[in-house]
Amino acid sequence: MSTRAQLLLPPVVVGVALLVAWQVVVVAGRVATFVLPSPLAIAAAFGTVAPDVARAAAATGLTAAIGLLAGSVAGIVAAVLAARLRLLDEVLTPLSAAANAMPIVALAPVFNALFGSTSPVPRRLVVAVAVFFPLFVNTARGLRRVSPVHAELMRSLAVGGWAVTRHVRLPGAVPFVFTGLRLASSLAVIAAVVAEYFGGRQDGLGSRITSAASATAYPRAWAYVLGAVLLGLASYLAALLAERLLSPTTPSRRTR
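Trainee: Help me understand the overall build of the chain, please; the structure alone is not making it clear to me.
Mentor: When you go through the chain residue by residue, the secondary structure sums to 10 helices and zero strands. Secondary structure elements of the chain occur, N-terminal to C-terminal, as α-α-α-α-α-α-α-α-α-α. Counting the 256 residues in the chain, one finds 36% classified as buried. At a minimum sequence separation of 6, the contacts of the chain that also span at least 24 residues come to 73%. Approximately 14,400 Å² of the chain is accessible, and the part contributed by carbon and sulfur atoms is 71%.

Put into structure tokens, the structure is as follows:
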């Protein structure tokens, strides 16, 4: 058995076992559909509304992608500035922690009131705020982990601070940036789905889940939840692929 198959087999087996147990519990326990639909009922509903799930996932995915890009750029730039300017570090670090502690359910209505619930801006801002913290923290951590040998070499050559950041700190922080990106990729989808609960255009997965649940179509609501799960997995795999392509010397690959 190949190494990749050995890595994939355990989660697949556990996932199948959980689905079987779920089906048995729902059927044997006669659990009501509004409490918890069975996996087979959800699969049947997913097959029925698959085209609409795909359209809603595309809308939610666009919101998540734009917010992820904006939040990632802001987090990386803020981390670079904080690594160079101590005063800015002392200001940005507690602010980023406060933004991370703020619940999405509080941000979405506020942004809707500021920019209008029919605008896509509030949802994208919610995603950007949600992904800012993991990118900022991980990038800042990577920028501070400079090899003493490299730091001494730069000092001996009288290299300026920004040049050191560009040629030494940033390349060394790349693995940490991608760690933050992998964390933020799934978080972006979650933030986008949650932001869609609070009005706006009814074209995303969040609004579809809400409307299906309001109509007591619970298997259909879970089908849209499944669409959100698949979108989150696709976002994570895209971030992982980007790391593989753009960061070939990450620690995880060096140890193989």
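Trainee: I would appreciate a short explanation of the confidence of the model for the chain in the present structure.
Mentor: Detailed conclusions should not be drawn from predicted coordinates in areas where pLDDT is low. Per-residue pLDDT for the chain has a mean of 83; in total, 86% of the residues score no lower than 70. Across the chain, the secondary-structure element scoring lowest on mean pLDDT is helix α10 (residues 251–254), at 43, and the one scoring highest is helix α2 (residues 39–84), at 92.

Trainee: When you look at the environment of V25 in this model, what are you seeing that I'm missing?
Mentor: Looking at the secondary structure, you find V25 in helix α1 (residues 3–28). Since its relative accessible area comes to 53%, V25 is described here as exposed. Residues V25 and S38, spaced 13 residues apart in sequence, show a C-alpha to C-alpha distance of 8.7 Å. Every residue in contact with V25, bar those within four places of it in the chain, is listed here: R30 and V31.

Trainee: What exactly am I supposed to notice about the nonpolar core here?
Mentor: Note that soluble globular proteins tend to have their nonpolar side chains buried in a common cluster. Counting 36 residues, the largest nonpolar core has V126, L205 and Y224 as its most contacted members. Those elements giving two or more residues to this core turn out to be α2, α4 (104–115), α5 (121–144), α7 (161–195), α8 (205–214) and α9 (218–246). Of the residues forming this core, the biggest block, 11 residues, is contributed by α7. Residues contacting L205, with those up to four places away along its chain left out, are V53, A56, A57, T60, V193, E196, Y224, G227, A228 and L231. Among the nonpolar cores identified, the runner-up in size contains 10 residues, and A79, V80, F136 and L143 belong to it.

Trainee: What should I look at first to understand the environment of N112 in this one?
Mentor: Mapped onto the elements, N112 comes out in helix α4. For the pair formed by N112 and G200, sequence separation is 88 residues and the distance between their alpha carbons is 8.0 Å. N112 has contacts with S117, P122 and F198, leaving out every residue within four places of it along the chain.

Trainee: Teacher, can you tell me more about the side chain of S207 here?
Mentor: Among the structural elements, S207 can be located in helix α8. Apart from the residues within four sequence positions on either side, S207 is in contact with E196, R201 and Q202.

Trainee: Mind showing me how you'd approach the packing of aromatic side chains here?
Mentor: Note on aromatic pairs: each is described by the distance of the centres and the angle between the planes. Tallying each qualifying case throughout the model produces three aromatic pairs. Geometrically, the ring pair formed by W22 and W222 is edge-to-face, given 5.7 Å between the ring centres and 65° between the ring planes. Placement of the pair is W22 in helix α1 and W222 in helix α9, with a sequence separation of 200 residues. Ring geometry for F132 and F136: centres 5.7 Å apart, planes at 10°, overall stacked. You can see F132 and its partner F136 sitting in helix α5, four residues apart, about one turn around the helix. The exposure class assigned to F132 is buried, which follows from its relative accessible area of 17%.

Trainee: For this particular structure, what's the right way to read the pattern of salt bridges?
Mentor: For side chains bearing opposite charge, pairing can occur when the charged atoms are close. Using the criterion set out here, one finds five salt bridges in the structure. In this structure, R123 engages D203 in a salt bridge whose closest nitrogen and oxygen atoms are separated by 3.6 Å. Within this pair, whereas R123 is found in helix α5, its partner D203 is found in the loop between α7 and α8, the two being separated by 80 residues in sequence. Across the pair E243 and R182 runs a salt bridge, and its minimum N-O distance is 2.7 Å. One end of the pair, E243, is in helix α9; the other, R182, is in helix α7, and 61 residues separate them in sequence. Salt bridges linked by common partners bring D52, R55 and R208 together as one network.

What counts, and at which threshold
The residue count restarts for each chain, going from 1 along the sequence in the order it is written. For a predicted model such as this one, the threshold for reporting local features is a pLDDT of at least 70, and the threshold for listing and counting side-chain atom pairs is 80 or more; totals across whole chains, interfaces and linings nevertheless cover every residue. Remark: hydrogens and water are excluded; side-chain values derive from all non-hydrogen atoms of the structure. Helix and strand definitions follow DSSP, with helices as H or I runs of at least four residues and strands as E runs of at least two, each counted in order from the N terminus. Residue exposure (1.4 Å probe, protein chains only): buried if accessible area is under 20% of the type maximum, exposed if over 50%, otherwise partly exposed. Only heavy atoms matter for contacts: two residues are in contact if any of them lie within 4.5 Å across the pair. Note on areas: these come from Shrake-Rupley sampling with a 1.4 Å probe, and a residue is covered only by the protein chains present in the view. Values of pLDDT, ranging from 0 to 100, describe the predictor's confidence in every residue of the model. Among buried residues, the Ala, Val, Leu, Ile, Met, Phe, Trp, Tyr and Cys ones that are joined through side-chain atoms within 4.5 Å form a nonpolar core. Working definition: a ring pair exists when centres of Phe, Tyr or Trp rings (six-membered ring for Trp) sit within 6.5 Å. Plane angles under 30 degrees give stacked, over 60 give edge-to-face, the rest tilted. We define a salt bridge as a contact between a side-chain nitrogen of Lys or Arg and a carboxyl oxygen of Asp or Glu at a distance within 4 Å.

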